[in-house]
Amino acid sequence: MTTDTDPLFAEDPITGEEIELPADVEVGEIIDSPVTGTELEVISLDPVVLEEAPELEEDWGE
């Protein structure tokens, strides 16, 4: 039985290692991989899917 406080687990898309996510993580949230430090984006929660977060380009208002 799972509760709202149970952590979630997902595969790091860079290394393939299983990493633990906070139970309250949301789709679209950016997290840092505890393995590589790479920013990962939560794509889905059922099942939990992570992808490498896109690099944001500078917006200089042009």
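Going by the structure above, here's the rest.
Residue indices begin from 1 for each chain and proceed along its sequence in written order. Residues qualify for local features only when their pLDDT is at least 70, as the model is predicted, and side-chain atom pairs are given and counted only at 80 or more; totals for whole chains, interfaces and linings, by contrast, use all residues. To obtain the side-chain values, all non-hydrogen atoms of the structure were used and water was disregarded.

A.B. asks: I tried to follow unusual backbone geometry on my own but got confused; where do I start?
C.D. replies: Trans is the common state for peptide bonds, and a negative phi is the common state for residues other than glycine. Along the chain, aspartate 46 connects to proline 47 via a cis peptide bond; the corresponding omega equals 5°. The topology assignment puts proline 47 in the loop between β4 (39–45) and β5 (48–52). Only DSSP runs of H or I reaching four residues or more are called helices, and only runs of E reaching two or more are called strands; each is numbered from the N terminus.

A.B. asks: I would appreciate a short explanation of the sheet that holds β4 in the present structure.
C.D. replies: Hydrogen bonds between backbone groups are what pair the strands of a sheet, and the pairing can be parallel or antiparallel. Strand order in the open sheet formed by three strands is β3-β4-β5, with antiparallel pairing between adjacent strands. Two strands bound the open sheet, and with one partner strand each, they are β3 (30–32) and β5. The sheet shows a mean angle of 40° between the axes of neighbouring strands, taken without regard to direction. Note on pairing: DSSP must find at least two bridges between two strands before they are called paired. Across three bridges, β3 lies against β4 in antiparallel orientation. Think of each axis as a best-fit line through the C-alpha atoms, taken over the contacting stretch in the case of a helix, with angles from 0 to 180 degrees between the N-to-C directions.

A.B. asks: When you look at the side chain of aspartate 12 in this model, what are you seeing that I'm missing?
C.D. replies: Mapped onto the secondary structure, aspartate 12 falls in the loop between β1 (8–11) and β2 (18–21). When accessible area is computed with a 1.4 Å probe and restricted to protein chains, residues below 20% of their type maximum are described as buried, those above 50% as exposed, and intermediate ones as partly exposed. The class of aspartate 12 is buried, set by a relative accessible area of 0%. Of the polar contacts made by the side chain of aspartate 12, one reaches the side chain of serine 33; its length is 2.5 Å. We call two residues in contact when some of their heavy atoms are within 4.5 Å. Leaving out residues up to four positions away in the same chain, aspartate 12 has contacts with Glu17, Ile19, Ser33, Val35, Thr36 and Leu40. Polar contacts, as used here, are pairs of N or O atoms within 3.5 Å; protein pairs need one atom able to donate a hydrogen and one able to accept it. Residues neighboring in sequence count only if both atoms are side-chain atoms.

A.B. asks: When you look at the pairing of β4 in this model, what are you seeing that I'm missing?
C.D. replies: Regular strands place their side chains on alternate faces of the sheet. In this antiparallel pair of consecutive strands, β3 and β4, the connection spans six residues, and glycine 37 shows a positive phi of 80°. Connecting β4 to the next strand, β5, in antiparallel fashion are two residues.

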